[in-house]
Amino acid sequence: MAENVVADDAALTNVYVGRADVDAAGDRGWLLGHFKPLGDVRHSEDVEIKWGVHPRGDERAQWVTGEHRTALLILISGRFRVELPGRSVVLAEQGDYIVWGHGVDHSWHAEEESVVLTVRWPSVAGYAAPAPDAGGGQPAPGGHAAG
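Below you will find a few notes about this structure.

## A word on the sheet that holds strand 1 (residues 30-32)
Read from one edge of the open sheet, five strands run 1-2-8-3-6, paired in antiparallel fashion. The open sheet has two edge strands, strand 1 and strand 6 (97-100), and neither has a second partner. For this sheet, the mean angle separating the axes of adjacent strands, direction not counted, is 15°. For strand 3 (residues 70-77) and strand 6, the ladder comprises four bridges, and the chain directions are antiparallel. By the bridge assignment for strand 6, L73 is matched with I98.

Below, the structure written as structure tokens:
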């Protein structure tokens, strides 16, 4: 039989338990990054993680240019196309992934309803595309749109 261990308050504040599909809805998919509040264990300037749920036909509002991060996208379900200069990459089977580094401009399009896990590093502001429902080109909550 397992014993219950009571942790001190500091240890408890450094733990967050959630569900990606529920928590992602609050910040356009982003679960972890510089845009989470200071003091929240999900705040990080080192890495960003997104649980991206995209309906068929969803696409990035504009290309990311001047990229200063490295990114990893892993297909969980669906069919998802990543556009790079002179190249289109289709993630079609669960577990397909793509990695790109600094200086690689990109965009994306969900060919089918898709779920993708995105990891980017470092976590820096400045890449937000206008939110589809935000008039006047306002950035998305958290300063980020998908990948």
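## A few points about the pairing of strand 2 (residues 48-54)
Every second residue of strand 2 is oriented toward a common face, the buried set being E48, K50, G52 and H54 and the non-buried set I49, W51 and V53. Bridge count for strand 1 against strand 2 is two bridges, and the pairing is antiparallel. Directly across from L32, in strand 2, lies its bridge partner I49. As judged from the seven bridges shared by strand 2 and strand 8 (residues 114-121), these two strands associate in the antiparallel manner. By the bridge assignment, V53 is partnered in strand 8 with V115.

## Some remarks on the packing of aromatic side chains
Considering all chains together, one arrives at two aromatic pairs under this definition. Their ring planes at 25° and their centres at 5.4 Å tell us that F80 and W108 sit as a pair that is stacked. Here F80 is found in strand 4 (residues 80-84), whereas its partner W108 is found in strand 7 (residues 107-110), with 28 residues between them in sequence. Judged by its relative accessible area of 5%, W108 falls in the buried class.

Conventions we followed
All residue numbers here refer to positions counted from 1 along the written sequence of the relevant chain. Local features in a predicted model are, by the rule used here, given only for residues with pLDDT of at least 70; side-chain atom pairs are given and counted only at 80 or more, and totals for whole chains, interfaces and linings are based on all residues. The basis for every side-chain value is the complete set of non-hydrogen atoms in the structure, without hydrogens or water. Note on pairing: DSSP must find at least two bridges between two strands before they are called paired. Counting from the N terminus, the helices are the DSSP runs of H or I reaching at least four residues and the strands are the DSSP runs of E reaching at least two. Here the axes come from fitting lines to C-alpha atoms, over the contacting stretch only for helices, and the angles between their N-to-C directions go from 0 to 180 degrees. Per-residue accessibility, obtained with a 1.4 Å probe over protein chains only, is compared with the maximum for each type, and a residue is labelled buried under 20%, exposed over 50%, and partly exposed between these values. Stacked, tilted and edge-to-face are the three classes assigned to paired rings of Phe, Tyr and Trp, where Trp is represented by its six-membered ring and a pair needs centres within 6.5 Å; plane angles under 30 degrees give stacked, over 60 edge-to-face, the rest tilted.

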